[in-house]
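Letter by letter, the chains look like this.
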There are 2 protein chains.
Amino acid sequence: MAETGATSGISGLDLHLELTGTRVRAALEQALRDAVRSGRLQPGVRLPSSRALAADLGIGRNAVTDAYGQLIAEGWLVARPGSGTRVASRVVQEPASERSAPLETAARYDLSVGTPDLSHFPRAAWLRAARQALSTAPDTALGYGAIQGRNELREALAGYLSRVRGVRTSADRIVICAGAAQALGLLYRALRGAGGHTLAVEEVGEPSHRRFAREAGLGLQLLAVDDEGARVDQLGAGARETNADAVLLTPAHQFPLGAALGPERRAAVVRWAVDTDALVIEDDYDGEFRFDRQPVGALQDLAPEHVAYVGTASKALAPGLRLAWLALPAELVDPIVELKSELDLASSSFDQLTLGQFIAGGAYDRHVRQSRIAYRRRRDQLMAKLAPFADQVRVAGLAAGLHAVIELPPQAPSDAVVALAAERELIVEPFAGYEATGPPSRRHNAIVVGYGTPAEHTFAATIALLGDVLGHFLDV
Amino acid sequence: MAETGATSGISGLDLHLELTGTRVRAALEQALRDAVRSGRLQPGVRLPSSRALAADLGIGRNAVTDAYGQLIAEGWLVARPGSGTRVASRVVQEPASERSAPLETAARYDLSVGTPDLSHFPRAAWLRAARQALSTAPDTALGYGAIQGRNELREALAGYLSRVRGVRTSADRIVICAGAAQALGLLYRALRGAGGHTLAVEEVGEPSHRRFAREAGLGLQLLAVDDEGARVDQLGAGARETNADAVLLTPAHQFPLGAALGPERRAAVVRWAVDTDALVIEDDYDGEFRFDRQPVGALQDLAPEHVAYVGTASKALAPGLRLAWLALPAELVDPIVELKSELDLASSSFDQLTLGQFIAGGAYDRHVRQSRIAYRRRRDQLMAKLAPFADQVRVAGLAAGLHAVIELPPQAPSDAVVALAAERELIVEPFAGYEATGPPSRRHNAIVVGYGTPAEHTFAATIALLGDVLGHFLDV
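In this text the structure is predicted, and so the values were computed from the model without any measurement. (Residues numbered from 1 in each chain as written. Chains lettered and ligands numbered in written order. Predicted model: local features only at pLDDT ≥ 70, side-chain atom pairs only at ≥ 80, totals over all residues. Heavy atoms only, no water.)

### Looking at unusual backbone geometry
Of all residues except glycine, most have a negative phi; of all peptide bonds, most are trans.
Turning to step 1, where the next piece is worked out: Each neighbour pair has its own omega, and for F255 of chain A with P256 of chain A the value is 0°, a cis peptide bond.
Turning to step 2, where the next piece is worked out: With respect to the helices, strands and loops of the structure, P256 of chain A is situated in the loop between β11 (246-249) and α8 (263-276).
Turning to step 3, where the next piece is worked out: Positive phi outside glycine occurs at D277 of chain A, with the angle close to 55°.
Turning to step 4, where the next piece is worked out: With respect to the element layout, D277 of chain A can be found in the loop between α8 and β12 (279-283).
Turning to step 5, where the next piece is worked out: Of note in this structure, L345 of chain B is not a glycine but carries a positive phi near 70°.
Turning to step 6, where the next piece is worked out: Mapped onto the fold, L345 of chain B is located in the loop between α9 (330-344) and α10 (349-360).
Turning to step 7, where the next piece is worked out: The exposure class of L345 of chain B is partly exposed, given its relative accessible area of 24%. (Helix = DSSP H or I, 4+ residues; strand = E, 2+ residues; numbered from the N terminus. Buried < 20%, exposed > 50% of the residue type's maximum accessible area, 1.4 Å probe, protein only.)

### So, the sheet that holds strand β8 (residues 219-223) of chain B
All names here are of chain B.
Turning to step 1, where the next piece is worked out: Here we have seven strands laid out as an open sheet, ordered β6-β14-β13-β12-β11-β7-β8, and mixed in their pairing. Edge positions in the sheet fall to β6 (174-177) and β8, since each of these pairs with one other strand and no more. Taking the axes of each pair of neighbouring strands and ignoring which way they run, one obtains an average angle of 20° across the sheet.
Turning to step 2, where the next piece is worked out: Taken together, the five bridges between strand β7 (residues 198-202) and β8 define a ladder with parallel strand orientation. Its bridge partner being in β8, E202 is matched across the sheet by L223. (Pairing = 2+ DSSP bridges. Axes fitted to C-alpha atoms, helices over the stretch in contact; angles between N-to-C directions.)

### Details of the interface of chain B and chain A
Turning to step 1, where the next piece is worked out: The interface is formed by 98 residues belonging to chain B together with 98 residues belonging to chain A.
Turning to step 2, where the next piece is worked out: Counting every contact that joins chain B to chain A gives two salt bridges.
Turning to step 3, where the next piece is worked out: The closest approach of N and O atoms between R123 of chain B and D139 of chain A, which form a salt bridge, is 2.9 Å.
Turning to step 4, where the next piece is worked out: Seen at the junction of chain B and chain A, the total is 18 residue pairs in polar contact (both at pLDDT 80 or more). (Contact = heavy atoms within 4.5 Å. Salt bridge = Lys/Arg side-chain N within 4 Å of Asp/Glu carboxyl O. Polar contact = N/O pair within 3.5 Å; in protein donor to acceptor, adjacent residues only side chain to side chain.)

### Brief notes about the relation of the copies chain B and chain A
Turning to step 1, where the next piece is worked out: Between chain B and chain A, which share one sequence, the superposing operator has a rotation angle of 180° and an axial displacement of 0.0 Å; the RMSD is 0.1 Å. Given the turn and translation reported, the copies of this chain are related as if by a two-fold rotation axis. (Least-squares fit on C-alpha atoms with pLDDT ≥ 70 in both.)

### Some details on a positive patch on the surface
Turning to step 1, where the next piece is worked out: On the surface, a cluster of positive charge is contributed by R128, R131, R366 and R369 of chain A together with R128, R131, R366 and R369 of chain B.
Turning to step 2, where the next piece is worked out: If you list the elements that add at least two residues to the positive patch, you get α4 (123-136) and α11 (363-386) of chain A together with α4 (123-136) and α11 (363-386) of chain B.
Turning to step 3, where the next piece is worked out: Among the secondary structure elements, R128 of chain A is positioned in helix α4.
Turning to step 4, where the next piece is worked out: Judged by its relative accessible area of 48%, R128 of chain A falls in the partly exposed class. (Patch = residues over 30% accessible without salt bridge, like charges linked within 9 Å, V, L, I, M, F, W, Y side chains within 5 Å. Areas by Shrake-Rupley, 256 points an atom, 1.4 Å probe, with all protein chains shown as cover. Lys, Arg positive; Asp, Glu negative; His and termini not counted. Charge placed at Lys NZ, Arg CZ, Asp CG, Glu CD.)

### Some remarks on the packing of helix α10 (residues 349-360) of chain A against α11 of chain A
Residues and elements named next belong to chain A.
Turning to step 1, where the next piece is worked out: Packing of α10 against α11 leaves a shortest axis separation of 4 Å and a crossing angle of 75°. The angle between the axes of α10 and α11 places the two elements in the roughly perpendicular class. Facing α10, whose interface residues are L355, F358 and I359, α11 presents A363, Y364 and H367.
Turning to step 2, where the next piece is worked out: A per-class count over the contact of α10 with α11 returns five nonpolar, one polar and no charged. (Parallel < 35°, antiparallel > 145°, perpendicular 65-115°, else oblique. Nonpolar A, V, L, I, M, F, W, Y, C, P; charged D, E, K, R; others polar.)

### Details of the packing of aromatic side chains
Each aromatic ring pair is specified by the distance between its two centres and by the angle formed by the two planes.
Turning to step 1, where the next piece is worked out: If you walk through the whole model with that rule in mind, you get 18 aromatic pairs over all chains.
Turning to step 2, where the next piece is worked out: With 5.0 Å between their ring centres and 90° between their planes, Y160 of chain B and Y364 of chain B make a pair best called edge-to-face. Of the two residues, Y160 of chain B is situated in helix α5 (residues 151-165) and Y364 of chain B in helix α11; the sequence distance between them amounts to 204 residues. Across this residue pair, the class does not change: Y160 of chain B and Y364 of chain B are buried.
Turning to step 3, where the next piece is worked out: Linked through ring pairs, F121, W126, Y160, F358 and Y364 of chain A together with F350 of chain B together constitute an aromatic cluster. (Phe/Tyr/Trp six-rings, centres within 6.5 Å; stacked < 30°, edge-to-face > 60°.)

### So, the pairing of strand β11 (residues 246-249) of chain B
Along any regular strand the residues' side chains alternate between the sheet's two faces.
Turning to step 1, where the next piece is worked out: Of the two faces of β11 of chain B, both are covered, the one formed by A246 and L248 of chain B as well as the one formed by V247 and L249 of chain B.
Turning to step 2, where the next piece is worked out: In this view, the connection linking β11 of chain B to its parallel neighbour strand β12 (residues 279-283) of chain B by way of helix α8 (residues 263-276) of chain B has right-handed handedness. (Right-handed = clockwise from strand over helix to strand, strands pointing away.)

### Describing helix α7 (residues 207-215) of chain A
Turning to step 1, where the next piece is worked out: Of all the positions in α7 of chain A, only S208, H209, R210, F212 and A213 of chain A are classed as buried.
Turning to step 2, where the next piece is worked out: Buried positions along α7 of chain A lie against α6 (180-193), β7 (198-202), β8 (219-223), β11 and β12 of chain A together with α9 of chain B.
Turning to step 3, where the next piece is worked out: Phi turns positive one or two residues past the end of α7 of chain A, at G217 of chain A, with a value near 95°.

### A short note on the pattern of salt bridges
When the charged atoms of two side chains with opposite charge come close together, those side chains can pair.
All names here are of chain A.
Turning to step 1, where the next piece is worked out: With the rule as written, the count across this model stands at 34 salt bridges over all chains.
Turning to step 2, where the next piece is worked out: A salt bridge links E215 to R211; the shortest N-O distance between them is 3.7 Å. Separated by four residues within a single helix, E215 and R211 lie in helix α7, roughly one turn from each other.
Turning to step 3, where the next piece is worked out: You can call E215 partly exposed: its relative accessible area is 42%.
Turning to step 4, where the next piece is worked out: Under the relative-accessibility criterion, R211 is labelled partly exposed at 33%.

### Describing the sheet that holds strand β18 (residues 429-430) of chain B
All names here are of chain B.
Turning to step 1, where the next piece is worked out: If you walk across this open sheet you meet the four strands as β15-β16-β19-β18, and the pairing is antiparallel. Sheet topology places β15 (394-396) and β18 at the edges, where each strand pairs with a single neighbour.
Turning to step 2, where the next piece is worked out: Alignment of β15 against strand β16 (residues 404-407), held across three bridges, turns out to be antiparallel. Within the sheet, the bridge partner assigned to V395 lies in β16 and is I406.
Turning to step 3, where the next piece is worked out: Along the sheet face, helix α12 (residues 414-423) touches β18 and β19 (446-449) and points at about 40° away from the line of β19.

### Let's talk about the environment of D117 of chain B
All names here are of chain B.
Turning to step 1, where the next piece is worked out: With respect to the helices, strands and loops of the structure, D117 is situated in the loop between β5 (109-110) and α4.
Turning to step 2, where the next piece is worked out: Residue D117 is classed as buried on the basis of its relative accessible area of 5%.
Turning to step 3, where the next piece is worked out: As for D117 and A156, which are separated by 39 residues in sequence, their C-alpha atoms are 24 Å apart.
Turning to step 4, where the next piece is worked out: Contacts of D117, omitting those with residues within four sequence positions, involve Y375, R378, G452, T453, P454, A455 and E456.

Written out as structure tokens, the structure is:
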């Protein structure tokens, strides 16, 4: 490729072009585009004829007419009969200066709630499953069309949920969602769509679940929570018109307090749902992680036509997958699929195929078992670290899951504990963030610690730091 | 493991248990659960004492008390002081009989619109990119937190869009969405949220785009479409109060008619947007596939603060990825990210990391180039097949994209053509499906053929069949 350095004065403007071999036309085009964009060529300015410019630059006339044609097609230039080629009278706007990209800084010591140990994600096994899945998937699996979710995954989940969580369902009752937040959002919208007004929720729980319900147009009824979970007797027993249309519960492991819903209450809430034709939404966010006994089976099993079961890959695998699943009463499947189609048509086939393979091939069970052992060990280490304060703090929720609630005595106000921790680069969360009731009725002086969050190699240092921070307030 | 076949009469019920080694307790638990679930043990029935049942079955009493305890925790049984252990008074419901899973039958000869040749998806290259991406991604990439999209992908896209489509943007202006439908849905909701009422759309276009706009609460203004694309002069020039708040256009390749928006119109619509403080939504669904000249650059380039650019991986790669991107005016980034967080918190990190690697490593460009060559060849084959009818049909939209519109003479009514094709297992679509105006004003007796859709080995047979079907109505 010969290189030509050519300069042309266009409308009094020195236009310097580095014109390289066969790319003469593209370079001219780019140079003109840049000149217009930057304002060096002002709107309305008339360009030289293609003949004149070609002579100026010592290039073929075709290259110039082609470049003009392209820029006319793109709206930079305008050609009017008798008026030649001019710069279009358009608005030049440069984007505002770049905002700095949000920094991804994991805190040095992180006990925030809701994320598993991401360093434990089974990357190699996941990639193996991806290769197997993508090697065998039919071409149609890569297309549109599976709003409800890939059948391969729904079949695998139906078996898994039945086997491990006691859920009574089948692939045709399962809808794959982009995370539990979307799954709940779909249920909220379906409730509203069916004329529902009120969702009962536990008075302590994930705040975004309450927020999204309000944004979906639902009013909230708060249920008290005690050592047996939600006080479902507060749901009332009247007709549906005077009651909540649905209740959102975390029966296996109340979030974040940790109680399992008592057996009488399990039966009572299902009876309530049947009697008032209401819906129980079972948020089974960490049902696989039970340390002290067999898993508490899913409530869904008691009345599959009145319970919408919500499960997620966010705790057992990774939130970044954005995969969750609903096991639905028959009559909810079509409305939910319809609503899902309005949000995103479907979730990623690729991740779904991989997760289906991951479950079907047994890798999911293996990973959950290993994780359970690892988290139980952490739980024990945390308990040992808190032992010196045993007479001053009460630790709740240790039987399961990836987090615990530490109830503090008055001399250790949770805000002060959180603040001191932050000073030392340790993230712990105040319990108050999970309470639906306002400050006056906040009962718990407590913090929540997500002991599943730290990477393995930082865990010991992280809970040592937690012990130091608590020791600052408590007597050892 | 010793195997024991044991039988016990519980409450007059013969309960046969296959009790295997250490799994005695689990087997008992499962047998009792099944008995309750199936109704063999009715609500209220009192169970034998643990001592009695243990003796009956010849197993340890602990196994029985543990099993009872578990089933109480799960709500199957209830224990009351003085009343022993009873079956809970709950409602047993079996799921309704399974619906048959929807069959995934690709038609034998498929010219439906909107899907690329999925057999051409670069599976091996994609898996390589996945391995590279997942091997190098930080742990935090697998967690929550990147609602706007993974930075790796947004950086790669900013470069790609600037280089290939002339889009002026940067990573901080890009939002990753779960497909173009979601991207548009977010824009519609942002418009409504800002008090907008009306969206102008091309009078022929993707019907779901109109439907979702109506569902988001927007009224539609229809713009006529001719050989230079949308008649943007119909947008009017009044204040925003009397005009549309936004216009949705397919400037590079009108969908489905195929015209590129004329240069004067490009300038005019941008001027309109600036003058009335309105938004242009640029749906660049197949901008990479231009056969006869350089790509028509993105309109967004003319006024980045007034154009929301929408691109997608669905045509160049696969719809099953559910990945699309918005390049936004600065002031829209935060509202869109906020709305996105309500839908699904974020799109899958895994697919995003892979696509970022796929683009950054040059595999995307290679695949697009190969695809363009393949689709151009198909386009030429289609033209050759239609040549005998050249005086009777007009074929539009052949300069770009993966589909063409065949305008038919009166003796070949589109409905009859579509029906005869269907009889022969060939899918073609009537043009009427894309028209926003009702039947009385439908101008086009035409069909739309997605020549990108068939797998390579079926393409020749597919267009041969199309020729046969047309030949049935037309003179050769």
